[in-house]
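# Architecture and fold: a report
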Amino acid sequence: MSSRINMPKLGMTMTEGTIDEWYKSVGDEVKKGEAVCMIASEKLTLDVEAPEDGILTEITVEAGGRAKVGEQMGLVGDSLEDNQSPERSNQSTDDEAISESGEETNERAAIKDAAEKSPSFNRSHEDELNKKARDEDTPTSQSNSESNRIFITPLARRIAESNDISIEEVTGTGGNGRITKRDIEKAIDHVKVSSTTESTEATQVTAEGKPLSNMRRAIADNMMHSLQSTAQLTLHQKVEADALLKFNKKLKKEVSNNELDIKVTVTALITKAVALVLKDDARMNATYSDEKLYHHKDVNIGIATSLEDGLMVPVIHNAESKSIGEISSAIETLSAAARNGELSQGAMKDGTFTITNIGAGGIEYFTPVLNAPEVGILGVGSLQSEVALKDGKPYEKKMLPLSLTIDHQIIDGADGAEFLSRIKTFIEHPYLLIL
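Computed from a prediction, not measured in an experiment: that's the story for all the values here.

## Things to note about the overall build of the chain
- Within the chain, the secondary structure is distributed over nine helices and 19 strands.
- When each of the 435 residues of the chain is scored for burial, the buried share is 42%.
- Working note: accessible area of the chain is about 24300 Å², and carbon and sulfur atoms make up 48% of it.

As structure tokens, this is what we get:
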């Protein structure tokens, strides 16, 4: 009996993923827990492991293809003849032999048709036929006649052809020296393209389109899904932040005096304030999907983290029960893991609210896009200096711009305004955060 390699579900909104690369080929031995392929989805690239010891008997979805959550990507069995998944025990052990173009070859079709019409045809004959087809399609280094054959994944071949890369000059790093997508991408990076013109006439510069990276495609899909499935309304408010900045400065001094390994930031203080408000306001600590509204007991706050090629939203789970120091450490640890590509699956799941801080870019107000199915996201802008009067005398004060986007299907504008007002109270009276 074979075991299925299925597309895993990495997040609440994930419906399908992309098979980025297969590390193993049909016929290769695998060990339980060994990475067999890499998938990309929900802003995350992840290795999928073999469910048991055995042989990779089938690759159902080739590299570059997409599969829905729970859909079979491949099979692991005891032998190539044992490639029946539990759901397909009454079906043929393999699909019909297919040529590289995706069509059944005439020779194989004729052989199979004749075999099936023969009175002596039985399952073992079909197994032998399919095994022969696989042997013809599967590259093997054991054949002396094909000792010079170049092994390359279909996706890598397509990318190489579209970028005029000679695969004979590329060294494969995959199993049995197979050339993978990564090998081709490295080769593209090293190609030096130069152009000169001897004409005095104006040269028209044309742009060549490139496919999106897996991360950027996932971001694009999520953003469009969010905007098309929700009624987004953004509320803006400016909050006096002098007390919060003084409180943060005092905390940093206490941390330094006691030689604690904690980096207290304004973002951590705001996260603590949001967690306390969400703890008492179930309306905002909610998700809406499949026309059902879910109110969550745990406050799981996502912190939008900018990366070189996109963004990720690691989640601080049970933020309502964490101290300022614990939240500060969690933000630092999760942000570093995201930038180093080391986030675990669990660190990306089950968020109930998101905070995004782009104040470092000098932005005051903006319109954060909901991280669906969440119904709220708070944007934090850049601190601004303003002149005010006190007892008839001018003085400078720091103001913090806040932008709250809500799903107007679920949250009314008045409720959103009340939520912002409660956060404002904690920012202007920060000692309430430790009471």
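## Brief notes about the packing of aromatic side chains
- If you walk through the whole model with that rule in mind, you get two aromatic pairs.
- Geometrically, the ring pair formed by Phe-247 and Tyr-431 is edge-to-face, given 4.8 Å between the ring centres and 65° between the ring planes. Of this pair, Phe-247 sits in helix H6 (residues 242-257) while Tyr-431 is found in the segment after helix H9 (413-428), placing the two residues 184 residues apart along the sequence.
- Since its relative accessible area comes to 3%, Phe-247 is described here as buried.
- By relative accessible area, Tyr-431 is classed as partly exposed at 44%.
- An angle of 45° between the planes, with centres 5.6 Å apart, marks the rings of Phe-353 and Phe-419 as tilted. Remark: Phe-419 occurs in helix H9 and Phe-353 occurs in strand E16 (residues 353-357); sequence separation between them is 66 residues.
- Judged by its relative accessible area of 0%, Phe-353 falls in the buried class.

## Focus: H9
- Taking 1.5 Å per residue, 16 residues should reach 22 Å; H9 reaches 22 Å between its end C-alpha atoms and fits that length.
- Along H9, the residues that are buried comprise Gly-416, Phe-419, Leu-420, Ile-423, Phe-426 and Ile-427. Down the axis of H9, the smallest arc covering the buried residues is 115°, so these residues share one side.
- Those residues of H9 that are buried are in contact with strand E9 (232-240), H6, helix H7 (266-280), E16, strand E17 (376-380) and strand E19 (393-407).

## Some points on the layout of surface pockets
- Looking at the largest pocket, its volume works out to about 1600 Å³.
- Along the wall of the largest pocket there are 46 residues; nearest its centre are Lys-181, Glu-185, Leu-212, Ser-213 and Asn-214.
- Contributing elements (two or more residues each) for the lining of the largest pocket: strand E2 (16-22), strand E5 (44-49), helix H3 (154-162), helix H4 (181-190), helix H5 (214-229) and helix H8 (324-339).
- With seven residues, H4 is the largest single contributor of residues to the lining of the largest pocket.
- Of the residues assigned to the lining of the largest pocket, the class counts are 17 nonpolar, 13 polar and 16 charged.

## Notes on the pairing of E16
- Summarising burial for E16: four of the five residues are buried, a large majority.
- In this sheet, E16 lies alongside strand E12 (residues 301-303) in parallel orientation, the contact comprising three bridges. Residue pairing in the sheet places Ile-303 in a bridge with Ile-355 of E16.

## Overview of the side chain of Ser-226
- Residue position: Ser-226 is located in helix H5.
- In this structure Ser-226 comes out as buried when scored by relative accessible area, which is 0%.
- With residues up to four places along the chain from it excluded, the contact list for Ser-226 reads Gln-232, Val-369, Leu-370 and Ala-372.

## Observations concerning the pattern of salt bridges
- Enumeration over the complete set of coordinates arrives at eleven salt bridges.
- Residues joined in a network through salt bridges with shared partners are Asp-281, Arg-283, Asp-415 and Glu-418.

## A short note on H6
- Over its 16 residues, H6 extends 23 Å from the first C-alpha to the last, a length consistent with the 22 Å expected when each residue adds 1.5 Å.
- Turning to H6, its buried residues number three or more, namely Asp-242, Leu-244, Phe-247, Asn-248 and Val-255.
- In this structure, the buried side of H6 is in contact with E9, H7, H8, E19 and H9.
- Backbone geometry just after H6 places Glu-259 at a positive phi near 50°.

The rules behind the values
- Residues numbered from 1 in each chain as written.
- Predicted model: local features only at pLDDT ≥ 70, side-chain atom pairs only at ≥ 80, totals over all residues.
- Heavy atoms only, no water.
- Helix = DSSP H or I, 4+ residues; strand = E, 2+ residues; numbered from the N terminus.
- Buried < 20%, exposed > 50% of the residue type's maximum accessible area, 1.4 Å probe, protein only.
- Areas by Shrake-Rupley, 256 points an atom, 1.4 Å probe, with all protein chains shown as cover.
- Phe/Tyr/Trp six-rings, centres within 6.5 Å; stacked < 30°, edge-to-face > 60°.
- Expected span 1.5 Å × (residues − 1).
- Arc of directions from axis to C-beta.
- Contact = heavy atoms within 4.5 Å.
- 1 Å grid on protein atoms, 1.4 Å probe; cavity = no way out; pocket = protein on both sides within 12 Å on 5 of 7 lines; lining within 4 Å.
- Points joined across faces, edges and corners; volume = space filled by probe spheres on them.
- Nonpolar A, V, L, I, M, F, W, Y, C, P; charged D, E, K, R; others polar.
- Pairing = 2+ DSSP bridges.
- Salt bridge = Lys/Arg side-chain N within 4 Å of Asp/Glu carboxyl O.

Coordinates in, geometry out; function isn't part of it.
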